[in-house]
Amino acid sequence: MNNLVLIREKIKKAERLNKAKLLATINGEITPYVPSVFELRQKQARKDMEVSNS
């Protein structure tokens, strides 16, 4: 592959990482993780399955 293409890919990857870091912080503080509704439903379904199996 061409070196120029590899350099562009590395720059794009670095830019995406930088944007992700900026989105993850608010005023320099890391935002707390909020589990998605899907994950909460998965946990509830697992609990229901455990109760019904026992």
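Residues numbered from 1 in each chain as written. Predicted model: local features only at pLDDT ≥ 70, side-chain atom pairs only at ≥ 80, totals over all residues. Heavy atoms only, no water.

**Quick word on the overall build of the chain**
Of regular secondary structure, the chain possesses 2 helices and 2 strands. Each helix and strand of the chain, placed in order from N terminus to C terminus, yields the pattern α-β-β-α. Across the 54 residues in the chain, those meeting the buried criterion constitute 0%. (Helix = DSSP H or I, 4+ residues; strand = E, 2+ residues; numbered from the N terminus. Buried < 20%, exposed > 50% of the residue type's maximum accessible area, 1.4 Å probe, protein only.)

**What about the confidence of the model for the chain?**
Summary statistics for the chain give a mean pLDDT of 84 and a share of 87% for residues scoring 70 or more. When the elements of the chain are averaged for pLDDT, strand β1 (residues 25–26) gives the smallest value, 71, and helix α1 (residues 3–24) the largest, 89. (pLDDT = per-residue confidence, 0-100.)

**Considerations on α1**
With 22 residues, α1 extends 32 Å between its outermost C-alpha atoms, agreeing within 8% with the 32 Å of an ideal straight helix rising 1.5 Å per residue. Taking the backbone nitrogen of Leu4 as reference, a side-chain oxygen 3.2 Å away marks Asn2 as the first, capping residue of α1. (Expected span 1.5 Å × (residues − 1). Polar contact = N/O pair within 3.5 Å; in protein donor to acceptor, adjacent residues only side chain to side chain.)

**Side note on helix α2 (residues 37–53)**
The end-to-end C-alpha separation of α2 is 24 Å, in line with the 24 Å expected for 17 residues at 1.5 Å each. Taken across its 17 residues, α2 has 0 buried, putting it largely on the surface.

**Some remarks on a positive patch on the surface**
Together, Arg8, Lys12, Lys13 and Arg16 line one region of the surface with positive charge. Following the sequence through the fold, Lys13 ends up in helix α1. Take Lys13: its relative accessible area is 57%, and that puts it in the exposed class. (Patch = residues over 30% accessible without salt bridge, like charges linked within 9 Å, V, L, I, M, F, W, Y side chains within 5 Å. Areas by Shrake-Rupley, 256 points an atom, 1.4 Å probe, with all protein chains shown as cover. Salt bridge = Lys/Arg side-chain N within 4 Å of Asp/Glu carboxyl O. Lys, Arg positive; Asp, Glu negative; His and termini not counted. Charge placed at Lys NZ, Arg CZ, Asp CG, Glu CD.)

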